[in-house]
Amino acid sequence: MRKSTIALAVAALLTFTPLAHADDLADVRAQVARQHDQSVKRLQEWIALPSIAAENLNYPAGAEHMAQLARDAGFQHVAIIPTKGKPGVFATLDAGAKTTVGLYFMYDVKQYDPAEWSSPPLEARLVDRPNVGKVMMGRGAVNQKGPEMAVLAALHAIRDAGRKMPVNLVLVAEGEEEIGSPNIPQLVYRPEVEAALRKTIGVFMPSASQDLEGNVTVSLGAKGVVELELVASGKTWGRGPAKDIHSSLKAMVDSPAWRLVKALDTLVSDDGNTILIENYPRPRAITAEEKSMIAEAIERRDEARVKQLYGVQNWIDDLPFQEANERLVSQPTVNIQGLVGGYTGPGGKTILPHRAAAKIDLRLVPGMTFDGAVAALKAHLAKRGYGDVEVNVTGGYDPTETPASAGLVQAQLALLRRAGLDPTLWPRNAGSYPGYVFTNAPLSLPSAHFGLGHGSGAHAPDEYYLIESANPKVKGFDGAVMSFVEYLFELGSIAK
C-alpha cells in the first residue's frame, strides 16, 4: 500500500455522493421481511447439499444447484463452465444500468466430521446461542453460503418490490475454493467471462463482517496460499521398507517417517516461527500506514477475549498485541496442518511405516508469488539432499491488494458511516481467497469483501450464521440482506 492510501481514502470519501438512503428503500425492506422464511429455507436446502472437492462429493450437482439459484434470483444468462477439475458457474444480469459489478461466489465447502458437531452439520437447524441469538448451524453456513444467500435474497427483494436493479451483475462461482482454487483461471479467463468482467468496476465477495460487539472491519486484501503435501516413502527414497514392517527392524532399516521429519525441520527455525527456505520470496516491509491501521483497529479489540476465542495464552515470542497483529498482517507462514504416517489407532502397533506425509499450507503476502514459493521449496529440499521427498501441490494463488481509494471500498465506507457504524480499515485478511485472478493482470480490477451480519466456525465444528440477533448492533439475516441491497444501490452511483 502506498504512503498516501489513508489520505486518498479520506479525500475520496469526502467527494463520494451516495445514491440511496435507508428511507428510500422502505419498500425493499418490507419485501425482505416478507420473504424471510423462504430465504432461510433456501439456505437450509443449500447447506443440505454439500459440494466437497477433496472428497469429490456432489459434482456436478453442486454446480447445477448454484446455477438454479442464480436463475431464480434473476440472472438472465447462466452457464455451467467445465474445467479440468470441478465445474464453475458464470452468470450475468443485465439491468440496463450504467454500472456493472462483479460477484465472486464459491459453492463448495470444507470437510466435516459429524461426531464433532453439537447439531447435525447438514440439517442447518436454527439453534439458540447464548448472547448471540438464533443461528443456523451447518457446514458452509458462514463460509460462504449464508452471506451468498443474503446477496441472492437481496436480488429477490429488489425485483419483487418492483424496483429496477441499480447495477448490472457478473457472477463467477467456483467449486474448488476449499482445495486452493487450482482451476479458477480456466473459469475467469474464458473469453466470454473475461470480457464480461472487464466491464465491471471491480469484484466483491460476500462476507459477514461484524463481530459480536457489532464492529465492522473493511479489509483491503488477502494473503495468498499454497496448498501442498510433502511425502517421504521407501519407494521414492530407495531406502527403508516398501511396505510397513515390524518396528524391531528399525535397527537395520531406514525410516521414511524420520526422513520426513528431518526434511520438515530444515524449513523453519527451531521454534517453527522463522522461514529458512533458501531463496524464498521476500515479503515487502510493512508500511507506516498499515501499522497505523492496525493500531486503530486493535484499540477496539479486547486482547483477552481474542485469546480466549483462539484458545491461546500468548502470542509468538510473547509479542505485545500490536506487534502480534503486525506480524499477522505482514508475515508469510509455513504451517503443518497434519502429519500422517503409520499406525494412529488406539494402543501401539510396533511398525516401521513405509510412508509418511505432511499436509502443509504456505501463506503469502505482497511481494511474494505462488510460483516463486513452490520453486524455492523444491530447490531447497533438493539442495539439502531431500529431492526424493515428493512435493504434491494441490492448489493456491498469489496475495491480493486493493487501494482504499477504490470505488468498491469507498462505497462500503460511505454506506457504513451513514448507518452510524465506524468501520476500521485492515491491510489484509490473514486467510486467503483467489482474488488474484481479478486483481492481477490481465484484469487488474479492485476486489473487496462486504456484508454485515455475523457468523463463526469456518472450517470448524458448529459453524454458524446469525439469523436473529440478540444484539441490536449486530445484524441478523434480514439486516445482512439489506446491507447488500444498500451496497448495490451505493455502487450504482459509480461510473466505470
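Described below are features of the structure shown in this document. The numbering scheme is per chain: residues are counted from 1 as the chain's sequence reads. The model is predicted, so local features are restricted to residues of pLDDT at least 70 and side-chain atom pairs to those at 80 or more, both for listing and for counting; the totals for chains, interfaces and linings are taken over all residues. To get the side-chain values, all heavy atoms of the structure are used, and hydrogens and water are removed first.

## Quick look at the overall build of the protein chain
Only DSSP runs of H or I covering at least 4 residues are called helices, and only runs of E covering at least 2 are called strands; the numbering of each starts at the N terminus. What the protein chain contains, in helices and strands, is 16 helices and 20 strands. The globule rule used here is 2.2 Å times the number of residues to the 0.38 power, and the radius of gyration it is set against is calculated over C-alpha atoms. The C-alpha atoms of the protein chain give a radius of gyration of 24 Å, which matches the 23 Å a tight globule of 496 residues would have. Reported as C-alpha extents along the three principal axes, the dimensions of the protein chain are approximately 80 × 50 × 45 Å. The classification of residues rests on relative accessible area computed with a 1.4 Å probe and restricted to protein chains. Under 20% of the type maximum is buried, over 50% is exposed, and intermediate values are partly exposed. Across the 496 residues in the protein chain, those meeting the buried criterion constitute 53%. Sequence separation of at least 24 residues holds for 79% of the intrachain contacts in the protein chain that already meet a minimum separation of 6. Only the protein chains shown count as cover for residues, and all accessible areas are computed by the Shrake-Rupley method using a 1.4 Å probe. About 21300 Å² of surface is accessible on the protein chain, with carbon and sulfur atoms providing 51% of the total. His is not counted, nor are the chain ends; Lys and Arg add positive charge and Asp and Glu add negative charge. By convention, the charge on Lys lies at NZ, on Arg at CZ, on Asp at CG and on Glu at CD. Of note, the protein chain has its 50 positive side-chain charges centred 4 Å away from the centre of its 55 negative side-chain charges. Note on contacts: a residue pair is in contact if any heavy atoms of the two residues lie within 4.5 Å.

## Details of a nonpolar patch on the surface
Patch construction takes residues with relative accessible area above 30% that form no salt bridge. Like charges are linked within 9 Å, and nonpolar side chains (Val, Leu, Ile, Met, Phe, Trp, Tyr) are linked within 5 Å. A pairing counts as a salt bridge when a side-chain nitrogen of Lys or Arg comes within 4 Å of a carboxyl oxygen of Asp or Glu. Together, Leu-309, Tyr-310 and Val-312 line one region of the surface with nonpolar side chains, adding up to about 330 Å² of accessible area. Turning to its location among the elements, Val-312 is positioned in the loop between α11 (303–310) and α12 (321–330). You can call Val-312 partly exposed: its relative accessible area is 31%.

## So, the environment of Lys-98
Assignment of secondary structure puts Lys-98 in the loop between β2 (88–93) and β3 (100–106). A residue is classified by how much of its surface remains accessible, and Lys-98, at 60% relative accessible area, is exposed. Along the chain, Lys-98 and Val-167 lie 69 residues apart, while their C-alpha atoms are 7.0 Å from each other. Apart from residues no more than four positions distant in its own chain, Lys-98 is found in contact with Gly-492 and Ser-493.

## Concerning the nonpolar core
Within soluble globular proteins, side chains that are nonpolar generally end up buried alongside one another. Nine residue types can take part in a nonpolar core, namely buried Ala, Val, Leu, Ile, Met, Phe, Trp, Tyr and Cys, and a core is a set of them joined through side-chain atoms within 4.5 Å. By size, the foremost hydrophobic cluster in this structure holds 76 residues, and its most contacted members are Met-66, Phe-75, Leu-169, Phe-204, Tyr-465, Phe-477 and Leu-491. At 11 residues, helix α5 (residues 141–160) tops the list of elements feeding residues into this core. The residues touching Phe-477, leaving out its near neighbours within four places in the chain, are His-36, Ser-39, Val-40, Gly-146, Met-149, Ala-150, Ala-153, Tyr-465, Leu-466 and Ile-467. In this structure, Leu-228, Leu-264, Val-334 and Leu-364 belong to the second largest nonpolar core, which totals 28 residues.

## So, the packing of aromatic side chains
Side-chain rings of Phe, Tyr and Trp, where Trp is taken by its six-membered ring, are said to pair if the distance between their centres is within 6.5 Å; with planes under 30 degrees apart they count as stacked, over 60 as edge-to-face, and otherwise as tilted. What the rule picks out here adds up to 10 aromatic pairs. Ring centres 6.2 Å apart and planes at 65° place the aromatic pair Tyr-104 and Phe-438 in the edge-to-face group. Placement of Tyr-104 in strand β3 and of Phe-438 in helix α15 (residues 436–439) is noted, with a sequence separation of 334 residues between them. Note on accessibility: Tyr-104 and Phe-438 belong to one class, buried. In this structure an aromatic cluster arises from ring pairing among Phe-204, Phe-450, Phe-484 and Tyr-487. Only when the NZ of Lys or the CZ of Arg is both within 6 Å of the ring centre and within 35 degrees of the ring normal is a charge said to sit over the ring. Note that Lys-86 overlies the ring of Tyr-59, its terminal NZ or CZ placed 4.9 Å from the centroid. Arg-301 extends its terminal NZ or CZ atom over the ring of Trp-426, reaching a point 4.5 Å from the ring centre.

Read these as layout, nothing more, since geometry by itself doesn't imply function.
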